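# Reading the structure
Listed here are the chains, written in short residue letters.
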Amino acid sequence: MNAADFIPVGLLLFPGSVILLRFGKRAMIPGRIRWIAEGVESFHEGSTGWLLKKGVFRFPGAHLVTSPRGWFCGESVLLAAAALSIGGKYSFSEAAFVMFLGSISAAAAVYLSFREEARRRIDAIRAALPVAAFLMSLMLEAGMGSSAALQEVVRALPRGPLAAELDELARARLLGMSRADAIERSRSRVPLDDYRAFLNLVQQGERLGIALSQGLRELSSRMMESQAHRAETIAQKAAVKLLFPLVIFIFPSVFIVILSPVILNLFDMLRR
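Scope of this entry: the structure provided in the associated data block. (Residues numbered from 1 in each chain as written. Predicted model: local features only at pLDDT ≥ 70, side-chain atom pairs only at ≥ 80, totals over all residues. Heavy atoms only, no water.)

Any two side chains of opposite charge can pair, so long as their charged atoms come close to each other. With the rule as written, the count across this model stands at 15 salt bridges. Residues Arg 119 and Glu 116 are paired through a salt bridge, measuring 2.4 Å at the closest nitrogen-oxygen approach. Pair noted here: Arg 119 and Glu 116 are both in helix α4 (residues 92-141), with a separation of three residues, about one helical turn. Among the residues examined, Arg 119 registers a relative accessible area of 42% and is labelled partly exposed. In this structure, the salt-bridge partner of Arg 120 is Glu 117, at a minimum N-O distance of 2.6 Å. Of the two residues, Arg 120 and Glu 117 both sit in helix α4, three residues apart, roughly one turn of that helix. Residues participating in the shared-partner salt-bridge network are Arg 69, Glu 116, Glu 117, Arg 119, Arg 120, Arg 121, Asp 123 and Arg 126. (Salt bridge = Lys/Arg side-chain N within 4 Å of Asp/Glu carboxyl O. Helix = DSSP H or I, 4+ residues; strand = E, 2+ residues; numbered from the N terminus. Buried < 20%, exposed > 50% of the residue type's maximum accessible area, 1.4 Å probe, protein only.)

So, in structure tokens, the structure goes:
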């Protein structure tokens, strides 16, 4: 048994260790294991911040990604390439070429994982925003101020990227940041026109002291209608997307099942 035989074991061991460090630390008493897990998380968060600062991650919603799962995916690919180059019977140049391909694949895996996670977070914000606007309009109609209503909306929303963004807005004054600066920062982080319209209404309400409930209710209705139209568009595209697997995989199989007895009988008749 050479080192290449341990690749499957290593591929299972690495994600398992990551899961233990990521989630098992909450059930452990504070100690060295928890310190290592927090160090791994802080290292990945710092790496993500550095790439954002350098402009490597320029896709929409890059600032919303806080999970290190993309890093773990790329590190798994790099670990597999390193084990293959060490355990395989390669020359030095071949092992270096394997590591080069593994590094490129790992970087691509990190980039694609982060971009997919950013897209999912944007979709989550788009789906939860109409409910947040409607809840805030109800709070304002009940007589609450905009700050108190925003805090109640954060408590009512399920955990997610929208709840995190609104919680940062609600805690802006406690952190020593003005509400206007927090709104501008959140506007730059979330590339959604509906979310920016929501922030504009909140900012106008605090700056001018006007009633926001009617505007938020209309915004919520408009966003729900746009989501319904988007769902109808996706449903209409589903038939076109199903055409390829039907023609390539389903129809030939059905024809073979239906016509195979006829074809076999025809061959028997021709042989006679």
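Once the structure has been displayed, the description carries forward.
It is worth spelling out the nonpolar core at this point. Grouped together as the largest cluster of nonpolar side chains are 32 residues, with contacts concentrated most on Met 136, Leu 162, Leu 166, Leu 169, Tyr 195 and Phe 198. At the level of secondary structure, the elements contributing two or more residues to this core comprise α4, α5 (146-156), α6 (161-170), α7 (179-189), α8 (193-208) and α9 (213-271). The element that contributes the greatest number of residues to this core is α4, accounting for seven residues. Apart from residues lying up to four places away in sequence, Phe 198 is in contact with Leu 129, Ala 133, Met 136, Leu 166, Leu 216 and Leu 219. (Core = buried A, V, L, I, M, F, W, Y, C linked by side-chain atoms within 4.5 Å. Contact = heavy atoms within 4.5 Å.)

Looking now at the packing of α4 against α9. The interhelical angle for the contact between α4 and α9, taken along N-to-C directions, is 155°, at an axis separation of 8 Å. One element, α4, and the other, α9, form an angle in the roughly antiparallel class. The crossing of α4 and α9 is left-handed. Contact residues: Arg 126, Ala 127, Leu 129, Pro 130, Ala 133, Phe 134, Met 136, Ser 137, Leu 138, Leu 140 and Glu 141 in α4; Ser 213, Leu 216, Arg 217, Ser 220, Met 223, Met 224, Gln 227 and Arg 230 in α9. Across the contact of α4 with α9, the residue classes tally to 11 nonpolar, four polar and four charged. (Axes fitted to C-alpha atoms, helices over the stretch in contact; angles between N-to-C directions. Parallel < 35°, antiparallel > 145°, perpendicular 65-115°, else oblique. Left-handed = near helix turned anticlockwise from the far one by under 90°. Nonpolar A, V, L, I, M, F, W, Y, C, P; charged D, E, K, R; others polar.)

Turning next to the packing of aromatic side chains. Tallying each qualifying case throughout the model produces eight aromatic pairs. An angle of 75° between the planes, with centres 5.9 Å apart, marks the rings of Trp 71 and Phe 114 as edge-to-face. Remark: Phe 114 occurs in helix α4 and Trp 71 occurs in helix α3 (residues 69-87); sequence separation between them is 43 residues. Residue class for Trp 71 comes out buried when judged on its relative accessible area of 16%. Counting every residue linked through ring pairs, the aromatic cluster contains Phe 57, Phe 59, Trp 71, Tyr 111 and Phe 114. (Phe/Tyr/Trp six-rings, centres within 6.5 Å; stacked < 30°, edge-to-face > 60°.)

Just distances and angles here, no functional claims.
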